[in-house]
Amino acid sequence: MVTSSTRRHLGRNHYLYLAVIVAVIAGAIVGIAAPGFAVTLDPIGKGFVALIKMMITPVIFCTIVIGVGSIAKAATVGRIGGLAILYFLIMSTFALGIGLLVGNLLHPGAGLNISGASYTAAGEPTTTTDFILGIIPVTLFSAFTSGSILQVLLVALLAGFALQGLGERGRGILDAIRSLQALVFRVLGMILWLAPLGAFGAIAAVVGSTGPGALLSLATLLVGFYVTCILFIVVVLGVLLRLATGVSIFSLMRYLGREYLLIVSTSSSEAALPRLIAKMEHLGVAKSVVGITVPTGYSFNLDGTAIYLTMASLFIANAMGKPMELGAQIGLLAFMIIASKGAAGVTGAGLATLAGGLQTYRPDLVNGVGVIVGIDRFMSEARALTNFTGNAVATVLIGRWTQQLDAAQARAVLSGERPFDEATIGADGGHGGPAEPVRLERSGVGPA
């Protein structure tokens, strides 16, 4: 029987997401009606994303340390992590290849003369050596203030393995980190109530600065990118998920509907990271798999960013009158496989990675990056949604392949029999899945 307190709690969450939708519509109206004023609202959207980013480091650290430290054998971590990294590399390469294929079919930017464009690229690692060395923080604690997810991943993995080595002596530390995680999720839950305000400011600013009209070539790039991302999710990820687990991609996406709304309002997949962790555990994926796969995927499994990097590079090359031959495109693809790793799922990160990659591989094209800044916000939403979906699918697949997915729980959740309890966000760290790994049933996990 549903109690009045439960109805009140559900009502509050429904009102929050309705408020986000209203805020997005209102922001678009203000952007069109008063563009000059709308641009001044940009700090509101940036402030909300900054609050979300503030919480990402503790969320990732606690999740990985608990996931790794709770496993009795280090070999299990290596098996899960190794399988995840191999999958991420294969899928990212596949996504880059799809981006090149579509880019060559559409020829975005052809006929647009932007040879006189200029853009100042932010400082990025210029070589593979710099990228690898950049993963190592200056000190053990500087990783928490550097803003680098990869540095936090390294420190968290080291701490998790160290706790494994301590055995019973490390149990108290692990319990303390679990308590810290509960606090972190509680604070994050408070911040998420500012989502309507952040969405209003961000949408109003981008509509006000871009305007209702845009160049046909930019529209071609934007539409082509969205179509490519949709096909990648439905065809590539959907078929792989169905064949490997029996789960429908549409059932999984319906289950993650609220997270998609949050991502659209912020253009940031990181905004939904804690909720993805909670929902994957509620779906029946073991904590150890979720704790390793999800945070690592946010740095290594960026399918949407990979598609964006290749299509945007081809657009800039064509628009500047310097189209790339197939050999150069393959070289760019190989470079972007490295450049896309560690690009955070936050608004603007894809643009910075694109500029850094071109500055290293094709410095004569980097000035063209400034031309797509106006529509980058709209492309950022598709990037974030694709990245998020790719990581959700990866988590289910890794759980299936390592036999740590509860088939009965997954079927019940996706069919709506066991809905996700929003009260778990912030109440217990957002963990609603099984405490221990369970074996997958041979019949698959798709809804009956």
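The shown structure was predicted, so the numbers you read here are calculated from the model rather than taken from an experiment.

### Remarks on the overall build of the protein
At step 1: In terms of helices and strands, the protein carries 20 helices and zero strands.
At step 2: Counting the 448 residues in the protein, one finds 54% classified as buried.
At step 3: Long-range pairs, those at least 24 residues apart, make up 86% of the contacts in the protein between residues at least 6 apart in sequence.
At step 4: When the accessible surface of the protein is split by element, carbon and sulfur atoms take 68% of a total near 18400 Å².

### Quick word on the environment of Arg362
At step 1: Among the secondary structure elements, Arg362 is positioned in the loop between α17 (349-361) and α18 (373-401).
At step 2: On the basis of relative accessible area, Arg362 is assigned to the buried category, the value being 17%.
At step 3: Once the C-alpha coordinates of Arg362 and Leu332 are considered, the two residues, 30 residues apart in sequence, prove to be 8.5 Å apart.

### Digging into the nonpolar core
At step 1: If you look at the biggest cluster of nonpolar residues, it comprises 103 residues, and the most contacted ones within it are Leu252, Tyr255, Leu256, Met280 and Leu283.
At step 2: Sequence-distant contacts of Leu252, defined by excluding residues within four places in its chain, comprise Leu241, Val247, Met280, Leu283, Ala392, Val393 and Leu414.

### Looking at the packing of aromatic side chains
At step 1: This model, assessed by the stated rule, comprises six aromatic pairs.
At step 2: Ring centres of Tyr87 and Trp401 lie 5.9 Å apart, and the angle between their planes is 65°; on these two criteria the pair is classed as edge-to-face. Note that Tyr87 is positioned in helix α4 (residues 74-106) and Trp401 in helix α18, a separation of 314 residues in sequence.
At step 3: A residue is classified by how much of its surface remains accessible, and Tyr87, at 6% relative accessible area, is buried.
At step 4: A centroid spacing of 5.6 Å and a plane angle of 75° characterise the contact between Tyr260 and Phe388, whose relative ring orientation is edge-to-face. Taken together, the positions of Tyr260 in helix α12 (residues 257-266) and Phe388 in helix α18 put the pair 128 residues apart, joining distant regions of the chain.
At step 5: The class of Phe388 is buried, set by a relative accessible area of 0%.
At step 6: Taken together, the ring pairs connect Tyr87, Phe88 and Trp401 into an aromatic cluster.
At step 7: The ring centre of Tyr255 lies 4.9 Å from the NZ or CZ of Lys279, which sits over that ring.
At step 8: Between Arg383 and the ring centre of Tyr308, over which it is positioned, the NZ or CZ distance is 4.1 Å.

### Description of helix α13 (residues 273-283)
At step 1: Summarising burial for α13: 11 of the 11 residues are buried, a large majority.
At step 2: Backbone geometry just downstream of α13 places Gly284 in the positive-phi region, at approximately 115°.

### A closer look at the pattern of salt bridges
At step 1: For the structure on display, the rule yields four salt bridges.
At step 2: Where Lys279 meets Glu259, a salt bridge forms, and the shortest distance between an N and an O atom there is 3.0 Å. In this pair, Lys279 sits in helix α13 while Glu259 sits in helix α12, placing the two residues 20 residues apart along the sequence.
At step 3: A salt bridge links Glu281 to Lys287; its shortest N-O distance comes to 3.3 Å.
At step 4: Take Glu281: its relative accessible area is 1%, and that puts it in the buried class.
At step 5: A relative accessible area of 27% places Lys287 in the partly exposed class.

### Topic: a nonpolar patch on the surface
At step 1: A cluster of nonpolar side chains, contributed by Val223, Val227, Ile230, Leu231, Val234, Val235, Val239, Leu243 and Phe250, occupies part of the molecular surface with about 830 Å² of accessible area.
At step 2: Here the element with the most residues in the nonpolar patch is helix α10 (residues 216-245); it accounts for eight residues.
At step 3: Note on placement: Val239 falls in helix α10.
At step 4: On the accessibility criterion, Val239 (43% relative accessible area) is partly exposed.

### Considering the environment of Gly238
At step 1: Locating Gly238 in the fold gives a position in helix α10.
At step 2: Taking the C-alpha atoms as reference points, Gly238 and Ser248, 10 residues apart in sequence, are found 6.8 Å from one another.
At step 3: With sequence-adjacent residues up to four places away left out, Gly238 is seen in contact with Ile233 and Ile249.

Calculation criteria
- Residues numbered from 1 in each chain as written.
- Predicted model: local features only at pLDDT ≥ 70, side-chain atom pairs only at ≥ 80, totals over all residues.
- Heavy atoms only, no water.
- Helix = DSSP H or I, 4+ residues; strand = E, 2+ residues; numbered from the N terminus.
- Buried < 20%, exposed > 50% of the residue type's maximum accessible area, 1.4 Å probe, protein only.
- Contact = heavy atoms within 4.5 Å.
- Areas by Shrake-Rupley, 256 points an atom, 1.4 Å probe, with all protein chains shown as cover.
- Core = buried A, V, L, I, M, F, W, Y, C linked by side-chain atoms within 4.5 Å.
- Phe/Tyr/Trp six-rings, centres within 6.5 Å; stacked < 30°, edge-to-face > 60°.
- Lys NZ or Arg CZ within 6 Å of the ring centre and 35° of its normal.
- Salt bridge = Lys/Arg side-chain N within 4 Å of Asp/Glu carboxyl O.
- Patch = residues over 30% accessible without salt bridge, like charges linked within 9 Å, V, L, I, M, F, W, Y side chains within 5 Å.

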